[in-house]
Amino acid sequence: MKKVALFILSAAFISASFTSCRENKEEVTEKEAIIQEMQDEGADVKIKEDGGDTKIKMETDEKEVKIKKDEDGDTKIKIDENN
């Protein structure tokens, strides 16, 4: 009985360590998808780094996208459609 309890406890610790190290891919995936889409459309890409802030500006005739990532790791995405 002691071995079973020890096995269950060690399995719980191992599974908790793997799930806690998992990355949040949603934000990265959205950002990368927008960048890829704009590059496919032939957008002019400008990257500006100021201190810990990173600003990416992409422009086509129909669309303008601005992505800003600050020192804290927060990302803001702004999309303007030019009709």
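You'll find the protein chain entered in an unreviewed UniProt entry as Membrane or secreted protein, with Aequorivita iocasae given as the organism.

Draft legend 1. Region of interest: the overall build of the protein chain. Looking only at helices and strands, one finds two helices and four strands in the protein chain. In sequence order, the secondary structure elements of the protein chain are arranged as α-α-β-β-β-β. In the protein chain, which comprises 83 residues, the proportion classed as buried is 13%. Sequence separation of at least 24 residues holds for 20% of the intrachain contacts in the protein chain that already meet a minimum separation of 6. Accessible area of the protein chain: about 7,100 Å², with a carbon and sulfur share of 51%.

Draft legend 2. Structural detail: the nonpolar core. Core analysis: the largest hydrophobic core is formed by eight residues, namely Ile-34, Ile-35, Met-38, Ala-43, Ile-56, Met-58, Val-65 and Ile-67. At the level of secondary structure, the elements contributing two or more residues to this core comprise helix 2 (25-40), strand 2 (53-59) and strand 3 (63-69). Considering every element that reaches this core, the biggest residue donor is helix 2, with three residues. Setting aside anything within four residues of it in sequence, one finds Ile-67 in contact with Lys-31, Ile-34, Ile-35, Thr-54, Lys-55, Ile-56, Met-58, Thr-75, Lys-76 and Ile-77.

Draft legend 3. View of the sheet that holds strand 4 (residues 75-81). The strand order 1-2-3-4 describes an open sheet built from four strands, whose pairing is antiparallel. Each edge of the open sheet is held by one strand with a lone partner, namely strand 1 (44-50) and strand 4. Neighbour-to-neighbour, the strand axes of the sheet open up by a mean angle of 10°, direction not taken into account. Direction of pairing for strand 1 relative to strand 2: antiparallel, over a ladder of seven bridges. Counted as the bridge partner of Lys-46 is Lys-57 from strand 2.

Draft legend 4. Geometry of a positive patch on the surface. Positive charge collects at one region of the surface, where Lys-48, Lys-55, Lys-68 and Lys-76 lie side by side. Owing to a relative accessible area of 53%, Lys-48 belongs among the exposed residues under this scheme.

Draft legend 5. Broad picture of a nonpolar patch on the surface. On the surface, a nonpolar cluster with roughly 330 Å² of combined accessible area is contributed by Val-4, Phe-7 and Ile-8. With respect to the helices, strands and loops of the structure, Ile-8 is situated in helix 1 (residues 2-20). Judged by its relative accessible area of 53%, Ile-8 is exposed.

Criteria and thresholds
- Residues numbered from 1 in each chain as written.
- Predicted model: local features only at pLDDT ≥ 70, side-chain atom pairs only at ≥ 80, totals over all residues.
- Heavy atoms only, no water.
- Helix = DSSP H or I, 4+ residues; strand = E, 2+ residues; numbered from the N terminus.
- Buried < 20%, exposed > 50% of the residue type's maximum accessible area, 1.4 Å probe, protein only.
- Contact = heavy atoms within 4.5 Å.
- Areas by Shrake-Rupley, 256 points an atom, 1.4 Å probe, with all protein chains shown as cover.
- Core = buried A, V, L, I, M, F, W, Y, C linked by side-chain atoms within 4.5 Å.
- Pairing = 2+ DSSP bridges.
- Axes fitted to C-alpha atoms, helices over the stretch in contact; angles between N-to-C directions.
- Patch = residues over 30% accessible without salt bridge, like charges linked within 9 Å, V, L, I, M, F, W, Y side chains within 5 Å.
- Salt bridge = Lys/Arg side-chain N within 4 Å of Asp/Glu carboxyl O.
- Lys, Arg positive; Asp, Glu negative; His and termini not counted.
- Charge placed at Lys NZ, Arg CZ, Asp CG, Glu CD.

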